[in-house]
Amino acid sequence: MKMRKMFLAALVGLGMLTGCNNEEIPAVNNDGTKSVALRLNGLTTSTRAVEAPQAGTAEGQQIALSSMTIYFTNGTNILKKETLTSSSVDSEGTNIWQALTGSSGYIFHQLPSTVTQVQIVGNSGGKTFTETSVAALKASVRNAADEQSFTNVTLFGEDTALDSPDDSETGDEHVSNVLEASVILQPLIARFEIGNIACLDMGQTNCLITKYDLKFIGLMDFNSGVTLGGTASGEYTLDNVLEPGSTVTEPGDVVFGATGTAASWAWDAISGTGSTGINTATPWNPNDNKKFVYQFVPNALSNGNLVQVKLVLDNIEWADGSSNPFNSVVTARFNKASGGALTEFEAGKIYTVDYQFNSTNIAPWNPDNVVCVQLNVTVANWNVIALTPVFE
């Protein structure tokens, strides 16, 4: 039967449009089940820590999609699901992925007549989700530690109010069983790209220090997990993240910079040429032109605090002739490079940071004596947001 409006496909990624196949497509089978036409457009095919920055190439870039699971539901129960990869074929030998991402689209037949919603998880391959109900699916937690691959971030989207098309011209008595949907697949995480580390007043007469080493860099005040529905959990703050070199005595505590913990993805030890004995204001990057990269849950903490970035310095020599061999810290909060305070981080955005501070921003680890550096941020799509430092 000929339908002028059919099931709209997913809008994939940030601004990634999907269209529908507006050719002759059977919409309702004689037994009362539904057929859904789906087509995905503009998809790209598909390491952590120190890596080449993506911000320079990711502006407006569609997020890579290599697998997906489509859930047809009634809002409470999952009635049917389709898990697809680039090699998925149907019983007639049609490559479903090629049809979905090509011009023809693909028709899903024999769907239960009670389908009223669609939930889609992108890049679902090799990942575990609870599928006992729609609520359980949306409560499935993705750990930030497992979301560090730029080309395999988990995406989620849904349409909870499928509409019947307004197509009086068809005269089809089953038109109410033909559904239109629009789904935007979005990542759960955002991304920091941090580099160009420098003490800007180094070498000037008013600088408080004459030399320092870079030791650790990483996140503070962050969530370690987030559900498909967007609820964050697993907070790491100064209450459970200890100063480098500390001994853990309480369950759940971790040491900043330590390896082998559930939070170790969130920081890096710094080494390499030029990272020690720094006595100039020349910006430093790992491996010359790489960046420190963290894909993080953008949600604020329960107390409203946003993610911060800590830089730990060692072997500081002060201008007054004294020295501090351990754990001097610079803590960065953020402003937008374009002006104005950054009031929230957003999933799907790349935040680029030139981590540049003054010697007056250096303080002990002691949380009672925290000195914060106000950094500025900027955006790309992936959206890139550049952060540039403003100091307190």
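Residues numbered from 1 in each chain as written. Predicted model: local features only at pLDDT ≥ 70, side-chain atom pairs only at ≥ 80, totals over all residues. Heavy atoms only, no water.

A.B. asks: I tried to follow the environment of Thr 132 on my own but got confused; where do I start?
C.D. replies: Within the element layout of this structure, Thr 132 appears in the loop between strand S7 (117–122) and helix H3 (134–138). Taking the C-alpha atoms as reference points, Thr 132 and Thr 76, separated by 56 residues in sequence, lie 9.6 Å from one another. (Helix = DSSP H or I, 4+ residues; strand = E, 2+ residues; numbered from the N terminus.)

A.B. asks: Sorry if this is basic, but what is going on with the side chain of Asn 240 here?
C.D. replies: Note on placement: Asn 240 falls in the loop between strand S14 (232–236) and strand S15 (241–242). Overall, the relative accessible area of 15% leaves Asn 240 in the buried class. Among the polar contacts made by the side chain of Asn 240, one reaches the main-chain amide nitrogen of Thr 237 at a distance of 2.8 Å. Excluding anything up to four places from it in sequence, Asn 240 contacts Glu 235, Gly 252, Asp 253 and Val 254. (Buried < 20%, exposed > 50% of the residue type's maximum accessible area, 1.4 Å probe, protein only. Polar contact = N/O pair within 3.5 Å; in protein donor to acceptor, adjacent residues only side chain to side chain. Contact = heavy atoms within 4.5 Å.)

A.B. asks: Looking at this structure, I do not really get the sheet that holds strand S13 (residues 222–227). What am I missing?
C.D. replies: The pairing of strands in a sheet comes from backbone hydrogen bonds and takes either a parallel or an antiparallel form. The strand order across the open sheet formed by three strands is S8-S13-S14, and the pairing between neighbours is antiparallel. A strand with exactly one partner marks an edge of an open sheet, and here the two such strands are strand S8 (141–143) and S14. Neighbour to neighbour, the strand axes of the sheet diverge by 25 degrees on average, direction disregarded. (Pairing = 2+ DSSP bridges. Axes fitted to C-alpha atoms, helices over the stretch in contact; angles between N-to-C directions.)

A.B. asks: Help me understand the nonpolar core in this model?
C.D. replies: Grouped burial of nonpolar side chains is what soluble globular proteins tend to show. With 57 residues, the main nonpolar core has Phe 192, Tyr 212, Leu 219, Leu 311, Tyr 355 and Phe 357 as its most contacted residues. For this core, the secondary structure elements donating two or more residues are strand S11 (190–199), strand S12 (209–220), S13, strand S18 (291–296), strand S19 (308–318), strand S21 (328–336) and strand S22 (349–357). With near-sequence residues (within four places) excluded, Leu 311 lies in contact with Ile 197, Leu 214, Phe 216, Ile 217, Ile 270, Ser 328, Val 329, Val 330, Tyr 355 and Phe 357. (Core = buried A, V, L, I, M, F, W, Y, C linked by side-chain atoms within 4.5 Å.)

A.B. asks: Is there a simple way to think about the environment of Gly 348 in this case?
C.D. replies: Mapped onto the elements of the fold, Gly 348 is located in the loop between S21 and S22. Between the C-alpha atom of Gly 348 and that of Gln 295, which follows or precedes it by 53 residues, the distance is 9.8 Å.

A.B. asks: Whenever I open this one, the pattern of salt bridges confuses me. Can you help?
C.D. replies: Two side chains of opposite charge can pair, provided their charged atoms sit close to one another. Throughout the structure, instances matching the rule amount to seven salt bridges. With a shortest N-O distance of 3.9 Å, Lys 127 and Glu 147 are connected by a salt bridge. Of this pair, Lys 127 sits in the loop between S7 and H3 while Glu 147 sits in the loop between S8 and strand S9 (155–159), placing them 20 residues apart in sequence. Each member of the pair, Lys 127 as well as Glu 147, is classed as buried. Its salt-bridge partner being Lys 138, residue Glu 158 comes within 2.9 Å of it at the nearest N-O pair. Of the two residues, Glu 158 sits in strand S9 while Lys 138 sits in helix H3, which places them 20 residues apart along the sequence. In this structure, a network of salt bridges that share partners links the residues Lys 127, Arg 142 and Glu 147. (Salt bridge = Lys/Arg side-chain N within 4 Å of Asp/Glu carboxyl O.)

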